[in-house]
Amino acid sequence: MLNVLRVHLPSDIPIVGCELTPYVLLRRPDKNLTTDDVPETAPLDGHFMRYKWYRVQSDRKVAVCSIHPSEQATLQCLGCVKAKIPIAKSYHCTPKCFSDAWQHHRVLHDRAASAANENGKEEDEVFGRFNSSGSGVVTSSLSASASSASLTNGSAAPLYPAAITQRSGETWFEVGRSKTYTPTADDIGHVLKFECVVVDAETNLPVGHVNTVVTSCVIPAPSPPPRRLIPVDKIGHLDADGRVTSSGTFSVLSYNVLSDSYASNELYNYCPSWALSWPYRRQNLLREIVGYRADIICLQEVQSDHYDEFFAPELDKHGYYGLYKRKTNEVYTGNPNTIDGCATFFRRDRFSHVKKYEVEFNKAAQSLTDAMIPTTQKKTALNRLVKDNVALIVVLEAKVNNQPVDNPGKRQLLCVANTHVNVLQDLKDVKLWQVHTLLKGLEKIAASADIPMLVCGDFNSVPGSAPHALLAMGKVDPSHPDLAVDPLSILRPHSKLVHQLPLVSAYSSFARTVGLGFERHKRRLDGGTNEPLFTNVTRDFIGTLDYIFYTADSLVVESLLELLDEESLRKDTALPSPEWSSDHIALLAEFRCCKNKSRR
């Protein structure tokens, strides 16, 4: 007969909007063990599994702390209530909690005030954060009977009629009859209970005892403060260099989303385990990515199975078409489904796919060793160069209604490169070689067509490093210290480390802006390179590894997604966190196509 051996949840803390799928281990009649479901429509040896979910509510309503969501709130910031900031953000568990969080918390009030004077309705739709002003701060104590109804965000009605059972002062509301359950705003502050039992298919009666698992209180999904698009370099349709711009703009997002295979509790032990779990992170990442409304999305560290099962189908619902290049697996020997890669998405109503190029640095390494490395050193050379990294290059064409008004008959093409360069810091030569290889490939495309280019990704190279210098300056100074690491002599002669693409880093545009309104954004740039102070934040490292480069002779930066500062991240907090589900931050730039009057 079918038997239930073990039942447990992937996380004890359930989060609103985050799917809960219990682990149920079964022993089949043939004594084999399985985690596969046995539904009523396909019974096994005359038996199937029945599941139920309950919300367990006591008579006392509870509110949840916005900073420590597993704790009950005892204080409320009335300034948040006046500013119409989502009520869940106003709760704190202790006076110390409120005091410690104040530097971050006051940003909510400031942003709520400014959002009321800008495009409030649209921002509220995108971010679900603020829709009115107010920055006064008063805290009040919450009584034990403070209603949790105010925490709901227009939640839907229960999935099932209220099957109510009384037990020791508690009320159990049946909320689901499938193996998987997604908590709603109605569940916030309450415990959930999962039941599973073997049922006789003929009598439809339970067989054996009912297996149950009880969760902690459901918490609202933490959400980061919104990031706005900041207009830059906007001087009408004719810029300072005499270039004519077209009327249409498009935006590009670049984001390393942190592969689940790397998101270990050992590596990120400062992040709560529930916030590090993939079921939670994927929903949080999707909300963030979709909220940016980018026309083109370049993602790195996308697992192969997650692309097929999550990112591609979910972004398809939002109007995106996706292309994917998985890393090669000469080095990696684990589950091939968990190998990550680069994914590029674009809006189907803005662009069509023209061509796709896949760059496998392993193949380039093989060609290089065949041509340059003596036979006796080939194995050593390949061990150093073969690291499975890839790049995905996509050529897109703007749809007819998005073509430049100055030349309506000409095809408007765009080349987008998306890459993830090797991470190992002692392989400076390999990083530089990979970037140089990519740029040489892009030069060939540029030679065949007059086409604007974007080069996005995680280059695992800080500003001022040799790879960054090659990208931003078109060459590497022969005295650069990174060139000292070259055991295979693959970087010689140094004069070959050049390219002819007029690449400029999008975020350096902040440094070229004038006016008091941009001073805050300039302070978030490195003074020497004009790159962001950081795009990657962990306990062990804080710095910039991610970039969006563009060809400055054919594109103009219109606006940039504002950079984060310590207040936005909360002081002394590393990533990932409950609010931010990757250890990288997203970069986004809006561009307008242009052409030099002198260009032919």
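For the structure given in this document, a descriptive report is provided here.

Here is what the cut-offs are and how they apply
- Residues numbered from 1 in each chain as written.
- Predicted model: local features only at pLDDT ≥ 70, side-chain atom pairs only at ≥ 80, totals over all residues.
- Heavy atoms only, no water.
- Helix = DSSP H or I, 4+ residues; strand = E, 2+ residues; numbered from the N terminus.
- Buried < 20%, exposed > 50% of the residue type's maximum accessible area, 1.4 Å probe, protein only.
- Contact = heavy atoms within 4.5 Å.
- Core = buried A, V, L, I, M, F, W, Y, C linked by side-chain atoms within 4.5 Å.
- 1 Å grid on protein atoms, 1.4 Å probe; cavity = no way out; pocket = protein on both sides within 12 Å on 5 of 7 lines; lining within 4 Å.
- Points joined across faces, edges and corners; volume = space filled by probe spheres on them.
- Nonpolar A, V, L, I, M, F, W, Y, C, P; charged D, E, K, R; others polar.
- Pairing = 2+ DSSP bridges.
- Axes fitted to C-alpha atoms, helices over the stretch in contact; angles between N-to-C directions.
- Disulfide = S-S within 2.5 Å.
- Parallel < 35°, antiparallel > 145°, perpendicular 65-115°, else oblique.
- Salt bridge = Lys/Arg side-chain N within 4 Å of Asp/Glu carboxyl O.
- Polar contact = N/O pair within 3.5 Å; in protein donor to acceptor, adjacent residues only side chain to side chain.
- Expected span 1.5 Å × (residues − 1).
- Bend = angle between axes of the 7 residues up to and from the residue.
- Phe/Tyr/Trp six-rings, centres within 6.5 Å; stacked < 30°, edge-to-face > 60°.
- Lys NZ or Arg CZ within 6 Å of the ring centre and 35° of its normal.

1. Quick word on the overall build of the protein chain
From N to C terminus, the protein chain includes 13 helices and 26 strands. A total of 600 residues make up the protein chain; the buried ones form 53% of that total. Put simply, 74% of the contacts in the protein chain that link residues at least 6 apart link residues at least 24 apart.

2. Some thoughts on the nonpolar core
One finds Phe250, Ile296, Leu299, Leu454 and Phe591 to be the most contacted residues of the largest nonpolar core, which totals 65 residues. Setting aside residues up to four positions removed in sequence, phenylalanine 591 forms contacts with Gly248, Thr249, Phe250, Val252, Leu454, Ala506, Ile548, Tyr550, Leu555, Val556, Val557 and Glu558. The next biggest cluster of nonpolar side chains, apart from the first, holds 42 residues, and it includes Ala365, Ile373, Leu432 and Leu471.

3. Side note on empty space enclosed by the protein
Applying the stated criterion across every chain, the model contains five cavities of 30 Å³ or more. Approximately 80 Å³ is the volume found for the second largest cavity. If you trace the second largest cavity, you find it lined by Pro10, Ser11, Ile13, Pro14, Ile15, Cys18, Glu19, Leu20, Trp274, Ser277 and Pro279. For the lining of the second largest cavity, the residue count by class is eight nonpolar, two polar and one charged.

4. Looking at the sheet that holds strand S18 (residues 390-398)
As summarised here, the arrangement of the six strands in space is S17-S18-S19-S20-S24-S21, forming an open sheet in which the pairing is mixed. Because the sheet does not close on itself, it has two edges, and the strands there are strand S17 (351-360) and strand S21 (503-505). Averaged over neighbouring strand pairs, the angle between their axes works out to 20° when direction is ignored. Alignment of strand S19 (residues 413-420) against strand S20 (residues 453-458), held across six bridges, turns out to be parallel. Each residue of the ladder has a partner; that of valine 416, found in S20, is leucine 454. Set on the sheet, helix H10 (residues 428-448) makes contact with S17, S18, S19, S20 and S21; between it and S20 the angle comes to about 160°. Packing of helix H11 (residues 466-473) onto the sheet brings it into contact with S20, S21 and strand S24 (546-551), and relative to S24 it is tilted by some 25°.

5. Examining the sheet that holds strand S2 (residues 23-27)
Here three strands make up an open sheet; going across it, the order is S1-S2-S3 and the pairing antiparallel. The sheet is open, and its two borders are formed by strand S1 (3-8) and strand S3 (33-34), each paired with just one other strand. Here S1 pairs with S2 via five bridges, running antiparallel. Its bridge partner lying in S2, arginine 6 is registered against leucine 25.

6. A word on the state of the cysteines
For the structure shown, the criterion picks out zero disulfides. Unpaired in terms of disulfides, cysteine 77 finds its nearest cysteine sulfur in cysteine 80, a separation of 3.8 Å. When its relative accessible area of 0% is taken as the criterion, cysteine 77 is described as buried. Unpaired in this structure, cysteine 97 has its nearest cysteine sulfur neighbour in cysteine 65, at a distance of 3.6 Å.

7. Let's talk about the pairing of S24
By the criterion of burial, S24 is predominantly enclosed, with six of the six residues buried. Two elements, S20 and S24, share five bridges in a ladder whose sense is antiparallel. By the bridge assignment, cysteine 456 is partnered in S24 with isoleucine 548. Pairing between S21 and S24: three bridges, direction antiparallel.

8. Comments concerning the packing of helix H8 (residues 361-372) against H10
Taken N-terminus to C-terminus, the directions of H8 and H10 make an angle of 100°; their axes are 11 Å apart at the nearest point. For the element pair H8 / H10, the angle class is roughly perpendicular. Facing H8, whose interface residues are Phe361, Ala364, Ala365 and Leu368, H10 presents Trp433, Gln434, Thr437 and Leu438. Classifying every residue of the contact of H8 with H10 gives six nonpolar, two polar and no charged.

9. Considerations on the pattern of salt bridges
Taken as a whole and judged by the stated rule, the model has 21 salt bridges. Linking glutamate 360 and lysine 325 is a salt bridge whose minimum nitrogen-to-oxygen distance equals 2.5 Å. Taken together, the residues glutamate 360 in strand S17 and lysine 325 in strand S15 (residues 320-326) connect sequence positions 35 residues apart. The shortest N-O distance in the salt bridge between aspartate 370 and lysine 378 comes to 4.0 Å. The class of aspartate 370 is partly exposed, set by a relative accessible area of 48%. Overlapping salt bridges, with partners in common, bring together Lys325, Lys356, Glu358, Glu360 and Lys363 in one network.

10. What about the side chain of arginine 592?
With respect to the helices and strands, the residue arginine 592 is situated in strand S26 (residues 587-596). Within the structure, arginine 592 has its side chain in polar contact with the side chain of glutamate 558 (distance 3.3 Å).

11. Re helix H7 (residues 304-317)
With 14 residues, H7 extends 19 Å between its outermost C-alpha atoms, agreeing within 8% with the 20 Å of an ideal straight helix rising 1.5 Å per residue. Within H7, the axis deviates most sharply at phenylalanine 311, by approximately 35°, and proline proline 313 lies no more than four positions further along. Elements that come into contact with the buried residues of H7 comprise helix H6 (278-292), strand S14 (296-303), S15 and strand S16 (340-347). After H7 finishes, the residue glycine 319 shows a positive phi value of roughly 95°.

12. Topic: H6
With 15 residues, H6 should reach 21 Å at 1.5 Å per residue; the first-to-last C-alpha distance of 21 Å fits that figure. The element H6 is extensively covered by neighbouring structure, given that 11 of its 15 residues are classed as buried. Within H6, the full set of buried residues consists of Trp278, Tyr280, Arg281, Arg282, Asn284, Leu285, Leu286, Glu288, Ile289, Gly291 and Tyr292. The first or second residue beyond H6 is arginine 293, which carries a positive phi of 55°.

13. What about the packing of aromatic side chains?
Considering all chains together, one arrives at 20 aromatic pairs under this definition. Plain terms: the ring middles of tryptophan 53 and tyrosine 181 are 5.5 Å apart, the flat faces sit at 25° to each other, and that makes the pair stacked. Of this pair, tryptophan 53 sits in strand S4 (residues 47-58) while tyrosine 181 sits in the loop between strand S9 (170-176) and strand S10 (191-200), and the two are 128 residues apart along the sequence. Note on tryptophan 53: relative accessible area 0%, which makes it buried. Since its relative accessible area comes to 4%, tyrosine 181 is described here as buried. Ring centres of tryptophan 278 and phenylalanine 311 lie 6.1 Å apart, and the angle between their planes is 55°; on these two criteria the pair is classed as tilted. Of this pair, tryptophan 278 sits in helix H6 while phenylalanine 311 is found in helix H7, placing the two residues 33 residues apart along the sequence. Assessed through its relative accessible area of 10%, tryptophan 278 is described here as buried. Chaining the aromatic ring pairs together yields one cluster made of Tyr51, Trp53, Tyr181 and Phe194. Against the face of tyrosine 54 rests lysine 193, its NZ or CZ located 5.3 Å from the ring centre.

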